[in-house]
Amino acid sequence: MLIDFIASVGRQGIEKFQTIGRATLLLYGALVSKPQPKKMFPLLMKQLYSVGVLSIAIIMVSGLFIGMVLSLQGYIVLVDFGAETSLGQMVALSLLRELGPVVTALLFAGRAGSALTAEIGLMKATEQLSSMEMMAVDPLRRVIAPRFWAGVISMPLLAMMFSAVGIWGGQLVGVDWKGIDYGSFWSVMQASVELGEDIGNSFIKSVVFAITITWIAVFNGYDAVPTSEGISRATTRTVVNASLAVLGLDFVLTALMFGN
Amino acid sequence: MHQNKKLELWVGTFIMAGIAALLVLVFKVADVQNIGTNDTYTLKAHFDNIGGLKVRSPIKVGGVSVGRIIDISLDTESFTPVVTMAIEKKYGFFPETSSAAILTAGLLGEQYLGISPGFIDDDIEMLHDGDLMEDTKSALVLEDMIGQVLYSIGGDSDK
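Cut-offs used in this document
Each chain has its residues counted from 1, following the order in which its sequence is written. To read the labels, note that chains go from A and ligands from 1, taken in the order they are written. Predicted model: local features are reported for residues with pLDDT of at least 70 only, side-chain atom pairs are reported and counted for 80 or more only, and whole-chain, interface and lining totals are derived from all residues. Derived side-chain values reflect all non-hydrogen atoms in the structure, with water molecules and hydrogen atoms excluded from consideration. Here an axis means a line fitted to C-alpha atoms, over the contact stretch when the element is a helix, while the angle between two N-to-C directions is reported on a 0 to 180 degree scale. Here a strand is any run of E in DSSP of at least two residues, a helix any run of H or I of at least four, and the numbering for each starts at the N terminus. Each crossing is labelled by how the near helix is turned from the far one, with a counterclockwise turn of less than a right angle marking it left-handed and a clockwise turn marking it right-handed. What makes two residues a contact is simply this: any of their non-hydrogen atoms within 4.5 Å. Remark: exposure states derive from per-residue accessible area (1.4 Å probe, protein chains only) relative to the maximum for the residue type, with buried under 20%, exposed over 50%, and partly exposed in between. When DSSP locates at least two bridges between a pair of strands, those strands are taken to pair. Buried area: the accessible area, evaluated with a 1.4 Å probe, that two parts lose upon being put together, summed over both parts. Polar contact criterion, stated in full: a pair of N or O atoms within 3.5 Å, where within protein one must be able to donate a hydrogen and the other to accept it, and residues adjacent in sequence count only if both atoms are side-chain atoms. Orientation is classified from the angle alone, with under 35 degrees giving roughly parallel, over 145 giving roughly antiparallel, 65 to 115 giving roughly perpendicular, and any other angle giving oblique. Each residue is assigned to one class: nonpolar for Ala, Val, Leu, Ile, Met, Phe, Trp, Tyr, Cys and Pro, charged for Asp, Glu, Lys and Arg, and polar for all the others, Gly among them. Given a helix with a known number of residues, its expected span is that number minus one, times 1.5 Å. UniProt positions are given in the numbering used here, feature names are shortened, and annotations may be inferred rather than shown by experiment.

Observations concerning the packing of helix α3 (residues 56–78) of chain A against helix α4 (residues 87–125) of chain A
Residues and elements named next belong to chain A.
- Packing of α3 against α4 brings their axes to within 10 Å, and their N-to-C directions diverge by 145°. Helix-helix and strand crossings are classified by hand; for α3 and α4 the assignment is right-handed. Residues Ile58, Ile59, Ser62, Ile66, Gly67, Leu70, Ser71, Gly74, Tyr75 and Leu78 of α3 form the contact with α4, whose participating residues are Leu87, Met90, Val91, Ser94, Leu95, Leu99, Val103, Thr104, Leu107 and Arg111.

If you want it as structure tokens, here you go:
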């Protein structure tokens, strides 16, 4: 009875480690190879379009609304203390340090990560990946690598757009609606936002999240059970695991960057 | 071919928009004037109490920020704090009669180091890299002041 229990814990542990090992091998196989820019470039373009360009709309709209809501909520609290001129600082810092990278990452996991998993999973289920291998085309380099790079390149750009649009949304509510002085809104913001500490760390966060999400997404697709149910499970797993990983990593990164 | 061109156009627009957003953040939101470090020289000063002064706190002369605190440590012989400051060379050198004081922005705001430039005379030298500033005033610690006020009130009631 007890021995069975310990054995089942061990079996699950071994399975988890095997999964991590397969994921690492996948990344290694996709990335470590002689670069072939001529072949890679058109593939990367296509993926940048479907992963990056098609995500612009959702990122911009949610960035605008989050900036506006942040500004409105901040105004309601700050006006009680007569400190509503600090609104610019509050909006800019919370967007750059936290919401920009994190919300972009969550949206990106839902919008692009799930699509990547479903696409690769269906390729596996319809045996496109096996037929590529039959033709001596390495699916890791032909299918996985461009998707991985497209995700890693586009998410930081999207996060920057999110923050910029969010700050603009904050200005719309704070300055244009609630009537905070334009000059003090921006000068307080500019005095408090630092290039390295805020924008640099925001960028680092979004790069880390991009790698995490894209890796989880392509691995779940590649590792999916090649049935319709397997693909649906893999897609769900991508969104759930990527979101949890982003939130967990965010705490770790914040503790490292701003903890002391 | 036509299809490919359209795709590349979109991706190019996307990347340019991302970089434009980054530039907006850097130049509009963080208001970066000059990237890279300016030429600075360092001065040191001993204080009795630095209060809430921190590394990276600004150094101001008449309200204009001229540099930053780069190090705070304790002199192990006299057990007094030593503050090392980096001052930008473009603001020039201060005479050795200048004094440094730890001040507070507003009543409860951030603390910063204020330098009052001293008089210049024939036998007065300028402070150069690594020199020690002699004339310093420590931070006003609010708790100490409240303590003194309470003590003096208590002293009055005895009479």
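Let us keep going from here.
Quick look at the pairing of strand β2 (residues 58–61) of chain B
Residue and element names in this part refer to chain B.
- The alternating pattern of β2 places Ile59 and Val61 on a buried face, while none of Pro58 and Lys60, on the opposite face, is buried.
- Alignment of β2 against strand β3 (residues 64–75), held across 4 bridges, turns out to be antiparallel. If you follow isoleucine 59 over to β3, its bridge partner there is glycine 67.
- Between the end of β2 and the start of β3, which pair antiparallel, lie 2 residues, with glycine 62 showing a positive phi angle near 60°.
- Bridge analysis of β2 against strand β6 (residues 111–116) gives 2 bridges, and the strand direction is parallel. When the bridges of β6 are listed, lysine 60 appears paired with glycine 114.

Describing the interface of chain B and chain A
- Taken together, the 19 residues of chain B in the interface contact 25 residues of chain A.
- Between chain B and chain A the total buried area reaches about 2,100 Å² when both faces are included, carbon and sulfur atoms providing 82% of it.
- The largest contributions to the chain B side of the interface with chain A come from Phe14, Leu25 and Val29 of chain B, which together make up 32% of the buried area.
- The tally of links between chain B and chain A comes to 2 residue pairs in polar contact (both at pLDDT 80 or more).

Side note on the packing of helix α8 (residues 195–222) of chain A against helix α9 (residues 228–258) of chain A
Residue and element names in this part refer to chain A.
- With their axes 9 Å apart at the nearest point, α8 and α9 run at an angle of 155° to one another. What the angle tells us is that α8 and α9 run roughly antiparallel. As α8 runs across α9, the sense of the crossing is right-handed.
- A breakdown of the residues in the contact of α8 with α9 according to their chemical character gives 14 nonpolar, 6 polar and 5 charged.

Remarks on α9 of chain A
Residue and element names in this part refer to chain A.
- Relative to the 45 Å expected for 31 residues at 1.5 Å per residue, α9 spans 44 Å between its end C-alpha atoms, a close match to the ideal helical length.
- Of all the residues in α9, the buried ones are Gly230, Ile231, Ala234, Thr235, Thr238, Ala242, Ser243, Val246, Asp250, Leu253 and Met257.
- Close packing links the buried residues of α9 with α4 and α8.

Re the UniProt feature "transmembrane region" (unreviewed entry) in chain A
All names here are of chain A.
- UniProt's entry tags residues 48–79, 144–168, 203–222 and 234–258 with the feature "transmembrane region" (unreviewed entry), counted in the numbering of this structure.
- Each end of residues 144–168 is marked by a C-alpha atom, and these two atoms are 36 Å apart; helix forms 100% of the span and strand 0%.
- Helix makes up 100% of residues 203–222 and strand makes up 0%, while its end C-alpha atoms are separated by 28 Å.

Notes on α3 of chain A
- Helix length check: α3 of chain A, at 23 residues, gives a terminal C-alpha distance of 32 Å against a target of 33 Å (1.5 Å per residue), a fit within 8%.
- What α3 of chain A keeps buried is the set Ile56, Ile59, Ser62, Gly63, Gly67, Leu70, Ser71, Gly74, Tyr75 and Leu78 of chain A.

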